[in-house]
Amino acid sequence: GYPFGGPNSKQYAVIQIHYNNPEEIAGIVDSSGLTFTYLETPREFDAGILTLGHSITSRMVIPPNDANYTISAFCSVDCTEEYLPPDGIKIFANVLHTHLAGTGLTLSVIRENDNGEYQEIRPVDRNLQYDFNFQQTNHLMEEITVLPGDILLLRCYYNTR
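Residue indices begin from 1 for each chain and proceed along its sequence in written order. Owing to the predicted nature of the model, reporting of local features is limited to residues with pLDDT of at least 70; listing and counting of side-chain atom pairs is limited to 80 or more, with chain, interface and lining totals taken over all residues. With hydrogens and water excluded, all non-hydrogen atoms of the structure serve as input to the side-chain values.

A. Spatial organisation of the side chain of Thr-106. Relative to the elements of secondary structure, Thr-106 occurs in strand β3 (residues 102–112). When near neighbours in sequence (up to four residues on either side) are disregarded, Thr-106 contacts Asp-125, Arg-126, Leu-128, Leu-153, Leu-154, Arg-155 and Tyr-157. The helix count covers DSSP runs of H or I at least four residues long, the strand count covers runs of E at least two residues long, and both are numbered beginning at the N terminus. A contact between two residues is defined here by any heavy atoms of the two lying within 4.5 Å.

As structure tokens, this is what we get:
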């Protein structure tokens, strides 16, 4: 479940919906819907959302006319040690997202081994054929545990030609 309500929690929900009608066809009506179920008794485990990416600032500049430009973002050792619970978190799904110039993304968990070296323990997701018009949630076949002291590394690849 996702914790909601209570004296120390948000009292509202925000839903953002993106519609795709690139040919601007008139008369299309959305008949989809959402159902929220609120339980008074908390579930055993809480779900949450962790957003990992590069801040959109004037320092994030993707140069024009570059066929393969990479930007890396990470949640560092200090970050995971400060913000993750002692037993870590479990990744069970993810959504890779970039905009139209994005051509691929990889997300990895990196951990220090017994020799003091950092190595990728497991990729979370890898999409080197990214299509902005086909974004989806990737439900993992097996949960991935991220522990305090691990590093989450996101690489985003762009083509501005």
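Back to the write-up after that little detour.
B. Focus on the pairing of strand β6 (residues 151–158). Burial here depends on accessible area, computed with a 1.4 Å probe over protein chains only, as a share of the maximum for the residue type. Under 20% is buried, over 50% is exposed, and the range in between is partly exposed. With respect to burial, β6 is a largely interior element, seven of its eight residues being buried. Note: strand β1 (residues 69–75) against β6, seven bridges, orientation antiparallel. Residue Phe-74 lies in a different strand from β6, and its bridge partner there is Leu-153. Both β3 and β6 contribute to a ladder of eight bridges, which runs antiparallel. Paired with Ser-108 across the strands is Leu-153, a residue of β6. Any two strands are treated as partners once DSSP identifies two or more bridges connecting them.

C. The arrangement of the state of the cysteines in detail. Disulfides are defined in this document as cysteine sulfur pairs within 2.5 Å. Scanning the model with the defined rule gives one disulfide in all. Between the sulfur of Cys-75 and that of Cys-79 lies a disulfide, 2.3 Å long from S to S. Judged by the sign of its S-S torsion, about -75°, the bond between Cys-75 and Cys-79 is left-handed. You can call Cys-79 partly exposed: its relative accessible area is 23%. The cysteine Cys-156 is free of any disulfide, with Cys-75 supplying the nearest cysteine sulfur at 15 Å. Residue classification places Cys-156 among the buried residues on the basis of a relative accessible area of 10%.

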